[in-house]
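Next come the chains, spelled out residue by residue.
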Amino acid sequence: MITCREMPRLLPYLLFPILAAAVAPSPATACQICLPIPRNSAADHLLDADAIVLARENPERPFSLKTVEVLAGNPPPEEIDLFVDSATRRLLSLDANRKVVCIYSTKLPDTPWKRVAITNEQIEPVLREILKQPASWKNNPQARAAFFAKYLGHEDPQLNTLAHLEVARAPYGDIAQLGRTLPSENVRAFLSNLRLTEWHALYILLLAQSNAEEDQKRISDSLRSAERFRLSHQLAAWATAAIEVEGKPAIDFINSKYLSNPQRSIDEVAPVLQALATQGSYQPDYRDDIVASFTLALEHHPDQAPLITSNLLDWNRWELAPRIAHLLTTQDTSFDPDFLKMRSYVRQARNQQAAE
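Just so it is clear, the model here is predicted, and its values are computed rather than measured.

## Quick word on the overall build of the protein
For step 1, the next point in the chain: Across its full length, the protein holds 18 helices and four strands.
For step 2, the next point in the chain: Put simply, the protein has 356 residues, and 50% of those count as buried.
For step 3, the next point in the chain: Within the protein, contacts between residues at least 6 apart in sequence are counted, and of these 63% link residues at least 24 apart.
For step 4, the next point in the chain: Averaging the coordinates of the 37 positive side-chain charges in the protein and doing the same for the 43 negative ones gives two points 2 Å apart.

## Comments concerning helix α16 (residues 305–315)
For step 1, the next point in the chain: With eight of its 11 residues buried, α16 lies for the most part within the structure.
For step 2, the next point in the chain: Along α16, the residues that are buried comprise Ala-305, Pro-306, Ile-308, Thr-309, Asn-311, Leu-312, Leu-313 and Trp-315.
For step 3, the next point in the chain: The elements touched by buried residues of α16 are α14 (266–282), α15 (287–300), α17 (321–328) and α18 (337–355).
For step 4, the next point in the chain: One or two steps after α16, the chain reaches Asn-316, where phi turns positive at roughly 55°.

## Let's talk about the confidence of the model for the protein
For step 1, the next point in the chain: Per-residue confidence for the protein gives a mean pLDDT of 89, with 91% of residues at or over 70.
For step 2, the next point in the chain: Counting contacts from residues 1–27, a segment whose pLDDT is below 50, to residues more than four positions away or on other chains yields 53 contacts.

## Brief notes about the sheet that holds strand β3 (residues 100–104)
Within a sheet, neighbouring strands are paired by backbone hydrogen bonds and run either parallel or antiparallel to one another.
For step 1, the next point in the chain: Overall, antiparallel pairing links the four strands, which are arranged β2-β1-β3-β4 in an open sheet. Each having just a single partner strand, β2 (65–73) and β4 (113–118) make up the two edges of the open sheet. On average, each strand axis in the sheet is inclined to that of its neighbour by 30°, with strand direction left out of account.
For step 2, the next point in the chain: Relative to β2, strand β1 (residues 51–57) runs antiparallel, the two being bridged by seven bridges. Bridging across to β2, Leu-54 finds its partner in Glu-69.

## What to know about unusual backbone geometry
For step 1, the next point in the chain: Unlike most non-glycine residues, Phe-63 shows phi in positive territory, near 75°.
For step 2, the next point in the chain: Residue Phe-63 is classed as partly exposed on the basis of its relative accessible area, which comes to 30%.
For step 3, the next point in the chain: Despite not being glycine, Gln-234 has its phi angle at roughly 60°, a positive value.
For step 4, the next point in the chain: Residue position: Gln-234 is located in the loop between α11 (213–228) and α12 (235–246).

## Points about the packing of helix α6 (residues 141–149) against helix α7 (residues 157–168)
For step 1, the next point in the chain: Contact geometry for α6 and α7: axes closest at 8 Å, N-to-C directions at 150°. Accordingly, the angle class assigned to the pair α6 and α7 is roughly antiparallel. Classified by chirality, the crossing of α7 by α6 is left-handed. Residues Arg-144, Ala-145, Phe-148 and Ala-149 of α6 touch α7, and the partners they reach there are Leu-162, Ala-163, Glu-166 and Val-167.
For step 2, the next point in the chain: Each residue belonging to the contact of α6 with α7 can be placed in one class, and the counts come to six nonpolar, no polar and two charged.

## A few points about empty space enclosed by the protein
For step 1, the next point in the chain: For the structure on display, the rule yields one cavity of 30 Å³ or more.
For step 2, the next point in the chain: As for the largest cavity, its lining consists of 13 residues, of which Ala-42, Ala-117, Ile-123, Leu-127 and Leu-162 are closest to the centre.
For step 3, the next point in the chain: When the residues that make up the lining of the largest cavity are grouped by side-chain class, the tally is 12 nonpolar, one polar and no charged.

Basis of the calculations
- Residues numbered from 1 in each chain as written.
- Predicted model: local features only at pLDDT ≥ 70, side-chain atom pairs only at ≥ 80, totals over all residues.
- Heavy atoms only, no water.
- Helix = DSSP H or I, 4+ residues; strand = E, 2+ residues; numbered from the N terminus.
- Buried < 20%, exposed > 50% of the residue type's maximum accessible area, 1.4 Å probe, protein only.
- Contact = heavy atoms within 4.5 Å.
- Lys, Arg positive; Asp, Glu negative; His and termini not counted.
- Charge placed at Lys NZ, Arg CZ, Asp CG, Glu CD.
- pLDDT = per-residue confidence, 0-100.
- Pairing = 2+ DSSP bridges.
- Axes fitted to C-alpha atoms, helices over the stretch in contact; angles between N-to-C directions.
- Parallel < 35°, antiparallel > 145°, perpendicular 65-115°, else oblique.
- Left-handed = near helix turned anticlockwise from the far one by under 90°.
- Nonpolar A, V, L, I, M, F, W, Y, C, P; charged D, E, K, R; others polar.
- 1 Å grid on protein atoms, 1.4 Å probe; cavity = no way out; pocket = protein on both sides within 12 Å on 5 of 7 lines; lining within 4 Å.
- Points joined across faces, edges and corners; volume = space filled by probe spheres on them.

So, in structure tokens, the structure goes:
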């Protein structure tokens, strides 16, 4: 077994197979506040593979792998074309039950073989359970995030990373639902870990579902502290959470302190607009207020028009078309994809008006 003293040094090698996954486009419905990088998880690679095997170092050929069990599919008869680095050899030597999870896929570039993870007594049962889920997850995507949510903050770094990648890319509505079932003390414990601040966005959104007064106060205070000290780190998450717990007062605060102030930087304005967009998509009752916020933003921060237009299109809200049309006359936007969307919005708004 790996000791606690060895873990910090070996952690990059434990995480490497997952963190090295190729970045893929996220689903349009994914929450944009805490989208992880990379966006593909180990589970994606497993479920998309032609074959999955467990392997260990080949005793007859050091630094190469030999299949010890086929978990799914029909791998080719030739040897696994992957090099075993020194760190992996050490991990395998420390525990005879550890195995390298390898997938075979003709869709992969360069070589059809890829390392996905290194098993242990905690990971292997989860791995086998994942392989039973494709049909149910396809029919019920919410069940996939719920399956992985119970591993958030897990002591095993691979399971914790996998859970974070899976849950963080779920739609905001699913994240909100999970926040009502996870123990608040677990969420608070993760947010207290300052070494993982880059991952805090997901846990801020989960915290917003807490009914505890201390959690709601923390969210409100964090947004106001960010505004006071002009902080942008995790601002989108704190603003989204503040709207969740406060409703319109948080929207009014964003309007007053950010969107009405032309001196605010793009690093401050873009996150609060993302928060408004997320909540407007999740809670249609807020859309009238949020469209009014967008009006302020177009007046004082016209560079945010592409983000605003995307949401207006999604919500079929056409009342800001004259403002968008005016912005289009102020610069050459012939080949810019963002402004092509703006022109599409104006055109659709005019068609809608003509139809009425």
